[in-house]
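As a plain string of letters, each chain reads:
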Amino acid sequence: MSVALKNLVRFLGASAAFVLMAAALNFVVDPLQLLRPARLFPAMYSPDSRMQNAGLIRSQDFDTVLMGTSLALHFRQSDIDKALGVRSLKLVMSGSTSKEQSFVLAAALERHPKRVIWQMDDWIFRDAPDVDSESYFPADLYRRNAKGIAGYLFSGAMARESAWILARSLPPLRPVVTRLTNGVMFKFPISEVDDINALRSDYDVAGFYNAKNSEASFQRISDPVRSNYLAEGYVYHAMVANFERDAIGLIESHPDVKFDIYFPPYSILQFVAMRDASPATLKIVYDFTAYASQRLARCSNVRLHDLREVKEITHDLGNYGDVIHHSPAIDLKVLSLLARGQYVVDRTAPLASLQRLKEQVEAYRVEKP
């Protein structure tokens, strides 16, 4: 064997050994807790929900799942548990489509929860790629197939996270490593599951959620230069097809699970912006709401809560950071309303709440600056 060939063999052998060591490290530490709940090392969590949820579904004990978009992102599981008397798991994903939500919920339902709380709106049912076509969505981690597990164990980036979690568990290194835990250096900076994507205690809530910001957002999206944004992806027949596949299909295949679906309390300005700048889009929203409300009313395991008509929330612009995202105080209010069932849509009159919303939108007048 020539010297060059020996060097090549040594190089390949060393590379294989390095890869196997990384895989072994990932297997032992298991940062996502995809293989087992954390026992050998303190659990750490990532704010990347699309990745982290795959591990949460396998590692957490829960009887209730919360699903939604950024409108439900800052809920704390402890608040959900306290308000509704459940043991919850938050699987909310910012900007998620109905395809993503249905896919993740289907994985969670394999653990047989009793209840799903689903923040649902027209926006999520716009057409979107399948989850396998999204480069940032690790679908095979949820499937836990050979491709997903192999990709997880042989990931160099995950090995770096494993090494960090291992180092953090060693008392002499813990102070230094903890100081580096800022979410930039590492992907798993959160030590409590309740803190995943919850606002920090020092967050400037009043500085972000106020009438000035919500009014500025309204002016921005209703400006003729930008108002096309309001109509992006709103195609009625496509939205209905997505709703049937991603929502009704999942609900009807799990008749023993209770689904509490709620339409979130957008500010009234969201609908007024459509009224003034994109009336065709508002008609699609109304038509889609009518279809979804009547369809859900026929599902015996569904309670639909329409919170878009709660004027005490939606007409107080100080509750919002833009025209749709509400403050943490409204998160708690939403939980209270869900617990009381005060705005449950009557199955015998599923369009009544929509009619009340239409009347509010028609009557609302924006004060000129």
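Position numbers for residues count from 1 along each chain, tracking the sequence in the order it is written. With the structure being a predicted model, the display of local features is reserved for residues of pLDDT at least 70 and the display and counting of side-chain atom pairs for 80 or more, all residues being used for whole-chain, interface and lining totals. Excluded from the side-chain calculation are hydrogens and water; included are all heavy atoms of the structure.

Visitor: Lay out the environment of Gly156 in plain terms, naming residues and giving numbers.
Guide: Relative to the elements of secondary structure, Gly156 occurs in helix H7 (residues 156-168). Burial classification: accessible surface area is computed with a 1.4 Å probe over protein chains only, and a residue below 20% of its type maximum counts as buried, one above 50% as exposed, and the rest as partly exposed. The exposure class assigned to Gly156 is exposed, which follows from its relative accessible area of 52%. Taking the C-alpha atoms as reference, Gly156 lies 43 Å from Arg220; in sequence the two are 64 residues apart. Helix and strand assignments come from DSSP, with helices taken as H or I runs of at least 4 residues and strands as E runs of at least 2, each series counted from the N terminus.

Visitor: I'd like a description of empty space enclosed by the protein, backed by residues and values.
Guide: Definitions used throughout: a 1 Å grid over protein atoms alone; a cavity as a set of points that fits a 1.4 Å probe which cannot get out; a pocket as an open set with protein on both sides within 12 Å along at least five of seven lines; a lining residue as one with an atom within 4 Å of a point. Grid points are joined across faces, edges and corners, and a volume is the space filled by probe spheres set on the points. Inspection of every chain in the model, using the stated rule, returns three cavities of 30 Å³ or more. The space that makes up the largest cavity amounts to roughly 110 Å³. For this classification, the nonpolar set comprises Ala, Val, Leu, Ile, Met, Phe, Trp, Tyr, Cys and Pro, the charged set comprises Asp, Glu, Lys and Arg, and every other residue, Gly included, is treated as polar. Within the lining of the largest cavity, the residues separate by chemical class into eleven nonpolar, one polar and three charged. Of the pockets and cavities examined, the second largest cavity occupies roughly 50 Å³. Met120, Asp121, Asp122, Phe263, Tyr266, Phe288, Thr289 and Arg308 are the residues that line the second largest cavity. Of the residues belonging to the lining of the second largest cavity, the class tally is four nonpolar, one polar and three charged.

Visitor: Break down the packing of helix H2 (residues 49-59) against helix H4 (residues 98-109) for me, citing the residues and quoting the values.
Guide: The contact between H2 and H4 brings their axes to 9 Å, and the two run at 20 degrees. Here H4 runs roughly parallel to H2, going by the angle between their axes. Relative to H4, H2 is oriented so that their crossing is right-handed. Between H2 and H4, the contacting residues are Arg50, Asn53, Ile57 and Arg58 on the first element and Glu100, Val104, Ala107 and Ala108 on the second. The residue makeup of the contact of H2 with H4, split by class, is four nonpolar, one polar and three charged. Axis geometry follows a simple rule: fit a line to the C-alpha atoms, using only the stretch in contact for helices, then measure angles between N-to-C directions, giving values from 0 to 180 degrees. In what follows, roughly perpendicular refers to angles from 65 to 115 degrees, roughly parallel to angles under 35, roughly antiparallel to angles over 145, and oblique to any angle outside these ranges. What makes a crossing left-handed is the near helix being turned counterclockwise from the far one by less than a right angle; a clockwise turn instead makes it right-handed. We call two residues in contact whenever any of their non-hydrogen atoms come within 4.5 Å of each other.

Visitor: Describe a nonpolar patch on the surface, listing the residues and the values that go with them.
Guide: A grouping of Leu5, Leu8, Val9, Phe11 and Leu12 is seen on the molecular surface, where their side chains present a nonpolar patch of about 470 Å² in accessible area. Of note, Phe11 is situated in helix H1 (residues 3-29). In this structure Phe11 comes out as exposed when scored by relative accessible area, which is 55%. Patch membership needs two things, relative accessible area over 30% and no salt bridge, and members are linked within 9 Å if like-charged or within 5 Å if nonpolar (Val, Leu, Ile, Met, Phe, Trp, Tyr). Using the Shrake-Rupley algorithm and a 1.4 Å probe, accessible areas are obtained, with residue cover drawn only from the displayed protein chains. The salt bridge definition used is simple: a Lys or Arg side-chain nitrogen within 4 Å of an Asp or Glu carboxyl oxygen.

Visitor: Can you tell me about the packing of aromatic side chains, naming the residues and giving the values?
Guide: Under the pairing criterion, centres of Phe, Tyr and Trp rings, with the six-membered ring standing for Trp, must be within 6.5 Å; the plane angle then separates stacked pairs below 30 degrees from edge-to-face pairs above 60, leaving the rest tilted. With the rule as written, the count across this model stands at nine aromatic pairs. Arranged with centres 5.3 Å apart and planes meeting at 80 degrees, the rings of Phe125 and Phe243 form a pair that is edge-to-face. Placement of the pair is Phe125 in the loop between strand S3 (115-119) and helix H5 (139-143) and Phe243 in helix H11 (residues 236-252), with a sequence separation of 118 residues. Taken individually, Phe125 and Phe243 each receive the classification buried, so the pair is uniform in this respect. A centroid spacing of 5.7 Å and a plane angle of 85 degrees characterise the contact between Phe243 and Phe288, whose relative ring orientation is edge-to-face. In this pair, Phe243 sits in helix H11 while Phe288 sits in helix H13 (residues 279-297), placing the two residues 45 residues apart along the sequence. Each member of the pair, Phe243 as well as Phe288, carries the same accessibility label: buried. Look at NZ for Lys and CZ for Arg. If either is within 6 Å of the ring centre and within 35 degrees of the ring normal, a charge sits over the ring. Across from the ring centre of Phe27, 4.9 Å away, lies the NZ or CZ of Arg36, which sits over that ring.

Visitor: How would you sum up the side chain of Gln360? Please name residues and give values.
Guide: Positionally, Gln360 belongs in helix H16 (residues 352-363). With a relative accessible area of 12%, Gln360 lands in the buried category. Sequence-distant contacts of Gln360, defined by excluding residues within four places in its chain, comprise Ile268, Arg308, Glu309, Lys311, Thr314 and His315.

Visitor: Before we move on, could you go through the pairing of strand S5 (residues 302-306) and cite the residues and values that matter?
Guide: By the criterion of burial, S5 is predominantly enclosed, with four of the five residues buried. Strands qualify as paired when DSSP identifies two bridges or more between them. When strand S4 (residues 258-263) meets S5, the two strands line up parallel, connected through five bridges. Paired with Asp260 across the bridge in S5 is Arg303.

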